[in-house]
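# Examination of the molecular architecture
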Amino acid sequence: MSIIVNQQQFHLQTDHSSYIFHVMANGELGQLYYGPRLHDQATYPELMVREHHEAMPAWRLDTPDFQPETLKQEFASLGKGDYRDPAFQITEPDGSRVSEFSYQDFRIVDGKSRLKGLPSTFDDEHDDAQTLVISLVDAVTQVVLELSYAVFPHQDVIVRSAKFQNQGQASVKLDRVLSSQVDLPDANYDLLQFSGTWTRERHLVRTPLRSGIQSVGSLRGASSHQQNPAMILARPQTTDDQGAAMGFNLVYSGNFLDQVEVDAFNTARVLVGINPTEFDWQLSAGQSFQTPEAILSYTGDGLNQLSQQMGDFYQHHLVNPHFAQQQRPVLVNNWEGTYFDFNEDKLVAIAEDAHELGIEMFVLDDGWFGHRDDDKTSLGDWDVYQEKLPNGMAHLAERVHSLKMQFGLWFEPEMISIDSQLYRAHPEWTIKTPKRQMTPGRNQFVLDMANPDVVDFLYGKISGLIETAHLDYIKWDMNRNITEAYSSTLPADQQGEFLHRYMLGVYDLYARLIAAYPTVLFESCASGGGRFDLGMMAYAPQAWTSDDTDAVERLKIQFGTSYGYPQAMMGAHVSAVPNDQTGRITPIETRAAVAYFGDLGYELDVTKCSADEKAAIKQQVAFYKAHRELFQQGKFYRIDNPFTGDGNVGSWQVVSDDQRHAIAARYQILNHPNPAYTRLYLRGLAPDQRYRLNGGKHIYFGDELMHAGIFVPHLLESTQGVEQSADFSAFLVVIDAVEA
Ligand code: GLA
């Protein structure tokens, strides 16, 4: 039983955590506790202590100590004496904005059902999930609020969402609706956020909470390169290896808000959900509004454990089950190899060489449609560019398939170029605000995905190509953010719904394609990592992590990303040098050693590689395939953090579930002369198990490898006698269990 009800107290108990709330004297919900698992008790008097504070409103004249501002609330509104940012706000037809949602009843359902129209979690594996739904009603408007808590006991995860149903006679307006609120009793936490921009996404930023509101979010119509919905609160002393931490994330790809408000009493209110800016929703009589799901997870055992349990949860309860644990193919993508300059023979030559090297899938990127020779034209015209591919897509696909390789294709479904047949036929499908100019981004504009005709059109085009070319894979790109947000299909008083309805249209298209073509693997992309979020992952099991393929930059990007997402979600490619994003020249071994810890691919013209490079790639692909399960699905441990110190070193490790196989990698950006005796302390091994390193003779115990560590040789040694820099190095160790 993971949900225990004691009269009007609800205790959600996972294997290692407890989340407790109750019905307060005023009928609203109050929060009691979120942290390490507690014994269940009928009441927790110590968690309900209240003292009267001067100079703030109380609920009633005869309850001076019942002061909303000092209460830990479960899903707070504004306007009745709690002045912190609320979880929701409703405007009634008379313009009033006060709500009072009183507890009605609850129900507990075994399992976890999916949400309609939104990406959502599930419990297809019967992993003991239970869902608690609490109903509350506002007597004045007759709006019903259902708060849903799905408890996944073994991953220590709780999934929250809220649903408003208007059972009254009049329309009301939802001004804001977050997905989750947690009021923590103290604010002694560091906030870990994952921030950056294009080509340097999800860099870790760790700062202590301070008084007032601190938040990350997006108003771009996409979760964004700049901030990510993953957020962690960790005790100041918490590290990757030990200490308490709470993880939050949102199953959503549009505008989001992750916010922590520290008040005058040092409590911390955590809000996660759709960004209230640029959002409102008309809730007419009989209608309901469902929020996206927020994920909450607690651990007392450090940030590696937090990432692992959340990642494991996504892989089993969120990602398309057909692919979640399936091995992902090693691919070659022609983008950085050819850009727009290719023809059928050129592509087939790349595929043939790649096949020789053991690569399993060929992906044709941008430039195959309309008359697209640069990024100024043809988006929307998803018909083959005859001059480049005169025999059609089916013919190219057949040539690739005949090599016993899979074939994948790039689309950017949500976009339109002015220079396109689609724009000439349907200018009204482009997002624009009446009487205003349209702001270009990468020379292109955005389709109105809130318009079902647009979704139908795209479904027809994409499904047509899936069928004629027997596509195995689709890279779904999104290369600009939304401006002039407005839909010609919505009335004036519903324009505030547009950005959410846009996302619903995107999700609808994804859901329809996946239902019809369950064996097509989708990789999401938004100029690299601009929509690296759980909403996308529900449909597309992997994402192009960043347009930055430089090994040094990727170390930070993948390290930062690993806090919130498992490595099976990260597309990671080896590209040519000098790198197109940084101009840096790194050894191909280092480029591969970083890309191994994700879904490996090559993004270069292999026909131009030297014999030595080809030999290296062949050996890398074979090595990756031999350890693919471990690289993609192993438990991921961060070891040396490149966001700390001088940032010169990063290291990480993957370990198999049975702890018999592991691979660790240590990357050093610049070499130092006369270095110290550096050690790499391994993680996650069985202390009593014997292991061999890199197939060597000596046998080590797991405890020794973890606590005494292994010696990292002077980097100069590895480059003696060869013309290679000792900078940008990677030191890779394969650890295998042996019997005595
Ligand atoms: C985006 C993607 C790249 C590539 C180009 C094609 O930038 O992130 O991987 O597909 O578009 O235009």
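One structure accompanies this document, and this report is about it. (Residues numbered from 1 in each chain as written. Predicted model: local features only at pLDDT ≥ 70, side-chain atom pairs only at ≥ 80, totals over all residues. Heavy atoms only, no water.)

### Focus on the sheet that holds strand β2 (residues 9-13)
Across the sheet, 4 strands lie side by side as β1-β2-β3-β4; this open sheet has antiparallel pairing. Of all strands in the sheet, those with a lone pairing partner are β1 (3-6) and β4 (29-36), marking the two edges. Strand-to-strand twist of the sheet, defined as the mean angle between neighbouring strand axes without regard to direction, takes the value 15°. For β1 and β2, the ladder comprises 4 bridges, and the chain directions are antiparallel. Across the sheet, residue isoleucine 3 finds its bridge partner in β2, namely leucine 12. (Pairing = 2+ DSSP bridges. Helix = DSSP H or I, 4+ residues; strand = E, 2+ residues; numbered from the N terminus. Axes fitted to C-alpha atoms, helices over the stretch in contact; angles between N-to-C directions.)

### Remarks on the site of the ligand
The full set close to the ligand counts 13 residues, and Asp365, Asp366, Lys475, Gly528 and Asp547 are the nearest of them. Side-chain polar atom of tryptophan 410 to an oxygen atom of the ligand: 3.0 Å apart, as the coordinates give it. In this structure, arginine 442 approaches the ligand through a side-chain N or O atom, which is 2.9 Å from an oxygen atom. Within the complex, 97% of the 310 Å² of free accessible area of the ligand lies under protein. A class-by-class count of the residues in the shell around the ligand yields 4 nonpolar, 3 polar and 6 charged. (Near = heavy atom within 4 Å. Polar contact = N/O pair within 3.5 Å; in protein donor to acceptor, adjacent residues only side chain to side chain. Areas by Shrake-Rupley, 256 points an atom, 1.4 Å probe, with all protein chains shown as cover. Nonpolar A, V, L, I, M, F, W, Y, C, P; charged D, E, K, R; others polar.)

### Let's talk about helix α9 (residues 551-562)
Compared with an ideal rise of 1.5 Å per residue, which puts 12 residues at 16 Å, α9 spans 16 Å between its outermost C-alpha atoms and is within 8% of the ideal. With 11 of 12 residues buried, α9 is to be regarded as a mostly interior element. (Expected span 1.5 Å × (residues − 1). Buried < 20%, exposed > 50% of the residue type's maximum accessible area, 1.4 Å probe, protein only.)

### Focus: the pairing of strand β8 (residues 143-152)
Remark: a regular strand shows side chains that alternate across the two faces of the sheet. The buried fraction of β8 amounts to 10 of the 10 residues, a majority that puts the element mostly inside the structure. In this sheet, β8 lies alongside strand β7 (residues 130-138) in antiparallel orientation, the contact comprising 9 bridges. Looking at β8, one finds that valine 133 is bridged to serine 148. Here β7 hands over to β8 after 4 residues, with glutamine 142 in that stretch at a positive phi of 60°. Relative to strand β9 (residues 157-166), β8 is paired through 10 bridges, and the arrangement is antiparallel. Each bridged residue has a counterpart across the sheet, and for glutamate 146 the counterpart in β9 is lysine 163.

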